[in-house]
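Examination of the molecular architecture
The primary structure of each chain is shown beneath.
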Amino acid sequence: MADRAEPTAPLFDSAEWDFETIQRSYDAIERVALDDLELDVYPNQIEIISYQQMLDAYSSTGMPLMYRHWSFGKRFVHEEKAYSKGASGLAYEIVINSDPCISYCLEDNTMALQVLVIAHAAFGHNHFFKNNHLFRQWSDAQGILDYLDYARGFIAQCEEQHGEREVEHLLDAAHALMPSSVFRHRRPPHSSLADERTRQRERRIEEERAVHYLWDAFDHPTQSSKTDEEARKRKREMGLPEENLLYFVERHSPVLDSWQREILRIVRNIAQYFYPQRQTKVMNEGCACFVHYYITNDLHRTGLLTDGAMLEILHSHSNVLTQPDFDAPNAMGINPYALGFAMMQDIRRICTDPTDEDREWFPDIAGSRAWRDILKDAWANYRDESFIQQFLSPHVMRSFRMFSLTDDEGKPFYTVDAIHNERGYHQVRDTLARSFDVAEFDPDIQIVDVDLMGDRHLKLHHAVRNGVPLDEKACEATLRHLRQIWGFDAAFEE
Amino acid sequence: MAHFIDRRLNPKDKNLGNRRRFLRRVRSAVKEAVDESVRRRKIADVDQQENISVPAEGIGEPHFQHDSKGGSRHRVLTGNKKFKAGDRLKKPPSGQGGPGGREGAPDGDGEDEFMFVLSRDEFLSLFFEDLELPDMVKLSLKEITISKPHRMGYTAAGTPANLSVSRTMRNAFGRRLAMRRPTNAEILALTQQVEELEALEKPDAARKAERQVLREKLDKLLRRRQVIPYIDPLDVRYKYFEMRPEPAANAVMFCLMDVSASMGEREKNLAKQFFVLLHLFLKQRYDKIELVFIRHTQIAAEVDEDTFFHSRQTGGTIVSSALTEMKKIIEARYPPSLWNIYAAQASDGENFSGDSQLCADLLANDLMKRCQYFAYTEIVDETEADLMNSEDNGMELWRSYRQIAEVWPNFAMKRISRAGDIYPVLHELFARKTSGASHG
């Protein structure tokens, strides 16, 4: 960067934006992002939208295309009310993991905020989406918009053919099971839009093989001599135990029509698409915040941003990155933005300006100076849980004043296990890392058996961790939905 | 490389379909809330936006989730001030979250009530639901008055189409006078003089000097004319228009109701729906509507809306007292030359014997001449409604009013026992309005 020291005219000096200024600023941001930070991004598509459109996008889980369902309407009226009452502001942007990467910017943003938002979403999030291993492996950025378009068309068509009510009931059930319908361990079968269409055609004409097996079993003459060996074989053939509930129901439910199976498939595919995002909140936001902070500071230093614009950016930046204390009235747990940003800034500090403590904790990276590579490696190869486990430094724990607390049922008190001191660092870090593990906060529910020869009751198993039970009321309501689409009884194993 | 797309002009109601599905889902609860709010609100405010809260059951989205209690939990909190490892903190009494345990329920799950805002349109649709209005009328009631531009003087800014030439020229003329812009005639005269002098073949010194002076004067005038324009942007005036609702006229609506003990809650609710409907109709037709509430037992009094619907009074029933009171108020405050007078009367049909003829006389001789429209509803039980299905028989008041209805076309009367009966009372009024609209 030879021209750094030269005084440059600022990109803009008023709060109003226009497309020309945005384009000019985008180019400046892009120069820093690609040449200095060496980010690797999908092509960007930046869309300016009004607040109504932002509310629309909010309520359909941020996606530009979504099938119709009342629950999105519910979210919409809820958000609309909160917004019109001033109870909650709107996000400055929404960014979609697709290729090209679509970011929505609100038209009400000032020019300074547009710069912040473009640096944050169009480069920070974009780089993360393109490079993180979870996204690369589990979600299909090229295909998602096509797929949603297909899903929307298909469900609309079903509504026409079978009635809105019918489709609504099915979607209710599918949504209830959605969080328990992702493949956590094996790679989901990949399929393109063309494959989807073929599959759907085939489905219409072909008898489902699994159901065929059911009917076959129904008439089978020698049932009484069922042995353990046969049961094991049967389970193996049906792929039991199965963690993806909708997948199992889609394949094996004796009562569903092929269009219903297709809808279940759509819902679980969407659930799968969002699965990586749930595992990388801290990293994703941290990466975006780090990138926008670095880029805007760089632009300010070279004179491309005025002091006023920079102050406005810093104001928004620090609003988002507040970490309230546990006893503050606005306490809401760990703020993933704050934690992610602090850890990434800290990695940079360790690389460029390490203390003795850092040398002891991070001998590989302390003082290596190559913080760009180390951060990019972290962004690519970790998720929240492993990232915290690997990179949370005592310095960050101290600055957040972290402590870990145990809440045992039955005891009248909480216990402070560890605090931010020499003896506690490891334990605090372990606890924090585990609390960001999806396997920890999602209940582990699997279908373990279905008694096909008899009453076809579906048996589920909840692997209890640390004695934490399921919420009974929600659980019963969800089971009702499951029974509806399975067609027979479903219950948890005693 | 980036694409920039301006989506702001794209349709913004992407979610209407979802919103409609949601409302259908909570329909019965919303309808109840709407009816409740009609009961609660003032007549004039009925068609405002409304906050509706519906019970969360039926719109819950359950899934398998961990219970918020039980088991052994570990979590990391921030902002430690004085704790050391091994400290024990007393748990707060159950029902409250622990320290930092404020885990707000996401997407509104777990709330008992779900609040949201109904638009005016949605609200009215639900309000109209059991009134059994014809679709045409529903549409015309929802329509908000059209306003038309009216001339309101001049402004300095506007579009060329609204340019006021005469006012602009007048301003320019005044300015030219004040700034002493040289006129064409002045310059022409001077030019002629200069030309004459120049035409001389052998001017003497005096003539030369004169020519010099005149030429300088001419130059000065020409320069002055250049600097002071004929029309300056300062002079330009535009006609100013203000949007005014059309038609602009005043109406007063009299609500008359029998509040003696025989009028129960059901009767009052029906009466209120009746009044609201008439008010909605008037609101759309008139710019300004005043409401007058007259309640009566054996004596009548003007009261405010709250008292009108909610307070109880005991006593006999003399209907003519209300009509007399109405007459008094019209004479005192609402000269028929300035006000369109509408009246709506609700009663259970009982009257002090002998008084009904007096009522008929009051109406025939006086009130009907002044009123645009008078609607009378007799609120009866559903069982009674079956018995008295003929228009002809009824109690004394009903029979007296029948005479009026025969003579005066703008007098409407009807027995109502449920909300669906209300509309026919006002039927004629709406019919006139809609046919008028199609002609106009």
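Residues numbered from 1 in each chain as written. Chains lettered and ligands numbered in written order. Predicted model: local features only at pLDDT ≥ 70, side-chain atom pairs only at ≥ 80, totals over all residues.

**Quick notes on the overall build of chain A**
Counting its regular elements, chain A contains 22 helices and 8 strands. Within chain A, contacts between residues separated by at least 24 positions form 73% of all contacts whose residues are at least 6 apart in sequence. (Helix = DSSP H or I, 4+ residues; strand = E, 2+ residues; numbered from the N terminus. Contact = placed C-beta atoms within 7 Å.)

**Here's the deal with the overall build of chain B**
Each helix and strand in chain B was counted, giving 14 helices and 13 strands. With 440 residues in all, chain B has 28% of them scored as buried. Look at the contacts in chain B between residues 6 or more apart in sequence, and 80% of them connect residues 24 or more apart. (Buried ≥ 20, exposed ≤ 12 C-beta atoms within 10 Å, placed from the backbone.)

**Re the nonpolar core**
All names here are of chain A. Counting 156 residues, the largest nonpolar core has Ile29 and Ala174 as the members making the most contacts within it. The element that contributes the greatest number of residues to this core is helix H4 (residues 111-131), accounting for 13 residues. Those residues within four positions of Ile29 in sequence are excluded, and the remaining contacts are Val115, Ile118, Ala119, Phe123 and Ile295. (Core = buried A, V, L, I, M, F, W, Y, C linked by C-beta atoms within 7 Å.)

**Focus: the sheet that holds strand E4 (residues 403-408) of chain A**
With antiparallel pairing, 4 strands are arranged side by side in an open sheet as E3(B)-E4(A)-E5(A)-E4(B). At either margin of the open sheet sits one strand with a lone partner, and together these are strand E3 (72-77) and strand E4 (88-90) of chain B. Mean inter-strand twist for the sheet, computed between neighbouring axes without regard to direction, equals 30°. In this sheet, E4 of chain B lies alongside strand E5 (residues 413-419) of chain A in antiparallel orientation, the contact comprising 3 bridges. Bridging across to E4 of chain B, Phe413 of chain A finds its partner in Lys90 of chain B. Its contacts with the sheet put helix H20 (residues 425-435) of chain A on E4 and E5 of chain A together with E3 of chain B, and the angle it makes with E3 of chain B is roughly 105°. (Pairing = 2+ DSSP bridges. Axes fitted to C-alpha atoms, helices over the stretch in contact; angles between N-to-C directions.)

**Section: the packing of helix H15 (residues 336-352) of chain A against helix H17 (residues 371-381) of chain A**
Residues and elements named next belong to chain A. Put simply, H15 and H17 touch, their axes get as near as 9 Å, and they point 145° apart. When the axes of H15 and H17 are compared, the crossing they make is right-handed. Here Met344, Ile347, Arg348, Cys351 and Thr352 of H15 lie close against H17, whose contacting residues are Trp371, Ile374, Leu375 and Ala378. Residue composition of the contact of H15 with H17, grouped by class: 7 nonpolar, 1 polar and 1 charged. (Left-handed = near helix turned anticlockwise from the far one by under 90°. Nonpolar A, V, L, I, M, F, W, Y, C, P; charged D, E, K, R; others polar.)

**A look at the environment of Ala491 of chain A**
All names here are of chain A. Turning to its location among the elements, Ala491 is positioned in strand E8 (residues 490-492). The spatial distance from the C-alpha of Ala491 to the C-alpha of Ile447 is 9.7 Å, given a sequence separation of 44 residues. The contact partners of Ala491, leaving out residues within four places of it in the chain, are His457, Lys459 and Leu479.

**Looking at the sheet that holds strand E2 (residues 93-96) of chain A**
Within the open sheet, the 4 strands sit side by side as E2(A)-E3(A)-E1(A)-E1(B). Their pairing is mixed. Bordering the open sheet on either side are E2 of chain A together with strand E1 (2-6) of chain B, each of which pairs with just one other strand. Mean inter-strand twist for the sheet, computed between neighbouring axes without regard to direction, equals 20°. Here strand E1 (residues 44-49) of chain A pairs with strand E3 (residues 101-106) of chain A via 6 bridges, running parallel. Within E3 of chain A, the residue paired with Glu47 of chain A across the bridge is Tyr104 of chain A. Along the sheet, helix H2 (residues 51-59) of chain A contacts E1, E2 and E3 of chain A; its crossing angle with E3 of chain A, the most-contacted strand, is approximately 130°.

**What to know about helix H11 (residues 245-252) of chain A**
H11 of chain A sits mainly inside the fold: 7 of its 8 residues count as buried. Those residues of H11 of chain A that sit buried are Leu245, Leu246, Tyr247, Phe248, Val249, Glu250 and His252 of chain A.

**Notes on the interface of chain A and chain B**
When the parts of a complex come together, some accessible area is lost, and that lost area is often taken as the interface size. Residue-level contacts link 82 residues of chain A with 57 residues of chain B. Examining the composition of the side of chain A that touches chain B, we find that 12 residues originate from one element, helix H3 (residues 70-84) of chain A, more than from any other. A breakdown of the residues in the side of chain A that touches chain B according to their chemical character gives 39 nonpolar, 26 polar and 17 charged. Inspection of the sheet shows E4 of chain A paired to E3 of chain B by 6 bridges, in the antiparallel sense. What sits directly across from Leu405 of chain A, in E3 of chain B, is Arg75 of chain B.

**What about helix H6 (residues 184-199) of chain B?**
Look at H6 of chain B: 22 Å from first C-alpha to last across 16 residues, which is about the 22 Å you get at 1.5 Å a residue. The element H6 of chain B is barely covered by neighbouring structure, given that only 0 of its 16 residues are classed as buried. (Expected span 1.5 Å × (residues − 1).)

**Observations regarding unusual backbone geometry**
Residues Asp99 of chain A and Pro100 of chain A are joined by a peptide bond in cis, for which omega reads 0°. Summarising the element assignment, Pro100 of chain A is placed in the loop between E2 and E3. At Arg180 of chain B, a position not held by glycine, the phi torsion is positive, near 55°. Following the sequence through the fold, Arg180 of chain B ends up in the loop between helix H5 (165-178) and H6.

**Points about the confidence of the model for chain A**
Residue and element names in this part refer to chain A. Here chain A shows a mean pLDDT of 84. Residues at 70 or above account for 89%. Taken element by element, chain A is modelled with least confidence in helix H9 (residues 209-219), mean pLDDT 53, and with most confidence in helix H13 (residues 281-301), mean pLDDT 93. Long-range and interchain partners of residues 1-5, a stretch whose pLDDT sits below 50, account for 2 contacts in this model, where long-range means more than four residues apart. (pLDDT = per-residue confidence, 0-100.)

**Describing the packing of helix H1 (residues 19-36) of chain A against H4 of chain A**
In a packed pair of helices, the relevant descriptors are the angle between the two axes and the axis-to-axis distance. Residues and elements named next belong to chain A. Taken N-terminus to C-terminus, the directions of H1 and H4 make an angle of 45°; their axes are 10 Å apart at the nearest point. Regarding the angle of H1 to H4, the classification is oblique. Crossing handedness for the pair H1 and H4: right-handed. Residue-level inspection shows Thr21, Ile22, Ser25, Tyr26, Ile29 and Ala33 of H1 in contact with H4, the latter providing Met111, Gln114, Val115, Ile118, Ala119 and Phe123. Its residues assigned to classes, the contact of H1 with H4 comprises 9 nonpolar, 3 polar and no charged. (Parallel < 35°, antiparallel > 145°, perpendicular 65-115°, else oblique.)

**Thoughts on the environment of Val41 of chain A**
Residues and elements named next belong to chain A. Tracing the sequence through the fold places Val41 in the loop between H1 and E1. Measuring from C-alpha to C-alpha, the distance between Val41 and Asp99 comes to 9.5 Å, with 58 residues separating the pair along the chain. When residues no more than four places from it in sequence are discounted, the contact partners of Val41 are Cys101, Phe123, Asn126, His127 and Lys130.

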